Amino acid sequence: MTLGGFLRRAERMYGEKGAALGQIATEARDEALYLILFSLGLPLDSDAAVLQRRLTAAESGAVEGVLRRRLVDRVPAAYITGEAWLGGLRFKVDERVLIPRSYFVEILPGQVDPWLGRPGRVASVADVCTGSGCLAVLLARHFRAARVDGIDLSAGALEVAAANVRRHRLSGRIRLLESDLFASVPARRYDVILSNPPYEPSAHVDALPEEFRREPRMALDGGPDGLDLIRRLVRQSAARLKPGGILMIEVGGGRAAFEAEFGHLEPHWFHTQDGSDCVCLVQAARLAGRQARARS
Ligand SMILES: C[S@@+](CC[C@H](N)C(=O)[O-])C[C@H]1O[C@@H](n2cnc3c(N)ncnc32)[C@H](O)[C@@H]1O
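Here is a short report on the structure shown in this document. Owing to the predicted nature of the structure, the values given are computational and were not obtained by experimental measurement.

1. As for helix α3 (residues 57-71)
For the α-helix, the turn length of 3.6 residues means that residues three or four positions removed from each other point alike. The first and last C-alpha atoms of α3 sit 21 Å apart over 15 residues, in line with the 21 Å expected at 1.5 Å per residue. For α3, the full list of buried residues reads E59, S60, V63, V66, L67, R70 and L71. Along the long axis of α3, the arc covered by the buried residues comes to 130°, so they all point the same way. Turned more than 90 degrees off the buried face of α3, the exposed positions are A57 and A58. Next to the buried residues of α3 lie α1 (3-17), α2 (28-40), α4 (77-81) and α9 (210-213).

See below:
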């Protein structure tokens, strides 16, 4: 069979097996082609002529094995290949980390810089819940004068993050810290705090397709209403931001609940292509006002 023939068959199988998409691709054809090229060791930017390539028996066996892992065993494609992309950069991933797909990639830097007096002067950044370290890397590449703390409670995730920090040659500017949010982070104030925390309500996590349930539960589960970590992060950030600093949080489906609880902080909601607009920004001055009111 040709590679193109395998691709058509794989595409059909994605439908028949009810494979869930959305972790590295939204179209079955794109994900199947990626897996086929990967399993044959062919370049991902191969041109259309590759579809005519006739597969040897050994190559057919390799492709079938990979498709079986993906469609029968339900292993996410990125865990099979050990890699994923965000913002055009390649990251190592495995079962210890969420597969990178944060909305922040749409927002950084274009929508964020206008909120910072002098983006070029940003000196300190925290990526709370760093996982694979993908956002810490994107932040360090944009804020070139900044030192970035990547914080996570999972020692396993931090091992993956360390590999990614090395891969992108940022060990000199990114420090990885094992901590429950800021609890074990040495005293320091930041110009920018960013977080893509676990924000799914626990009951939603239980109902997710198997591929998504293979990601670490602690990367997804935000407690009964999804806001457990977000609530604590908002509270802790008041004492961690410099005056003029900003806090940015991805809240997923929790926008209405966030507004109901934190609307008085006047969050700004960034625009995302799918219209979910589920990443918000809160200015340090608003958080400071909240603290002052809580004290009085
Ligand atoms: C949604 S993932 C985000 C990973 C990465 N930032 C990304 O965008 O791909 C959330 C991460 O939060 C971490 N986490 C969960 N609870 C935490 C806590 N209490 N303190 C710090 N990190 C936590 C998980 O280990 C996981 O790596």
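2. Some remarks on the side chain of D277
Along the chain, D277 turns up in the loop between β8 (268-269) and β9 (279-283). Summary of buried charges: D277 has no salt-bridge partner, and the nearest side chain of opposite charge, R255, is 4.4 Å away. At a separation of 3.2 Å, a polar atom in the side chain of D277 contacts the side chain of H271. What D277 contacts, discounting residues up to four positions off in sequence, is R255, W269, F270, H271 and T272.

3. Quick word on the pattern of salt bridges
Scanning all chains against the criterion turns up 20 salt bridges. Linking E211 and R74 is a salt bridge whose minimum nitrogen-to-oxygen distance equals 3.2 Å. In this pair, E211 is assigned in helix α9 and R74 in the loop between α3 and α4, connecting sequence segments 137 residues apart. The salt bridge partner of D149 is R175, with a shortest N-O separation of 2.8 Å. Of this pair, D149 sits in strand β4 (residues 147-152) while R175 sits in strand β5 (residues 174-178); the two residues are 26 residues apart in sequence, bridging distant segments of the chain. Through salt bridges that share partners, E31, R70, R74 and E211 make up one connected network.

4. Concerning the packing of α1 against α2
Helix packing for two helices is described by the angle between their axes and how far apart those axes are. With their axes 9 Å apart at the nearest point, α1 and α2 run at an angle of 130° to one another. Of the possible angle classes, the one that applies to α1 and α2 is oblique. The interaxial crossing formed by α1 with α2 has right-handed handedness. Residue-level contacts link L3, F6, L7, A10, E11 and Y14 of α1 to A28, R29, E31, A32, L33, L35, I36, L37 and L40 of α2. Of the residues assigned to the contact of α1 with α2, the class counts are twelve nonpolar, no polar and three charged.

Rules behind the numbers
Residue indices begin from 1 for each chain and proceed along its sequence in written order. Only residues with pLDDT of at least 70 get local features here, since the model is predicted, and only at 80 or more are side-chain atom pairs given and counted; chain-wide, interface and lining totals rely on the full set of residues. To get the side-chain values, take all heavy atoms of the structure and skip hydrogens and water. Secondary structure counts use DSSP, requiring at least four H or I residues in a row for a helix and at least two E residues in a row for a strand, with both numbered from the N terminus. Each residue after the first adds 1.5 Å to the expected span of a helix. Per-residue accessibility, obtained with a 1.4 Å probe over protein chains only, is compared with the maximum for each type, and a residue is labelled buried under 20%, exposed over 50%, and partly exposed between these values. Working note: the arc is built from the helix axis to C-beta atom directions. Contacts are assigned to residue pairs that have any heavy atoms within 4.5 Å of one another. Only four residue types enter the tally: Lys and Arg on the positive side, Asp and Glu on the negative side, with His and both chain ends excluded. Think of a salt bridge as a Lys or Arg side-chain nitrogen and an Asp or Glu carboxyl oxygen that are within 4 Å of each other. Pairs of N or O atoms are called polar contacts if they sit within 3.5 Å, as long as, within protein, a hydrogen donor faces a hydrogen acceptor (for residues adjacent in sequence, only side-chain-to-side-chain pairs). A fitted line through C-alpha atoms represents every axis, and for helices the fit uses only the stretch in contact; the resulting angles, taken between N-to-C directions, go from 0 to 180 degrees. Roughly parallel means an angle under 35 degrees; roughly antiparallel means over 145; roughly perpendicular covers 65 to 115; every other angle is labelled oblique. Helix crossings fall into two classes, left-handed where the near helix is turned counterclockwise from the far one by less than a right angle and right-handed where it is turned clockwise. Under the scheme applied, nonpolar residues are Ala, Val, Leu, Ile, Met, Phe, Trp, Tyr, Cys and Pro; charged residues are Asp, Glu, Lys and Arg; polar residues are all the others, including Gly.

That's the geometry; what it means functionally is another story.
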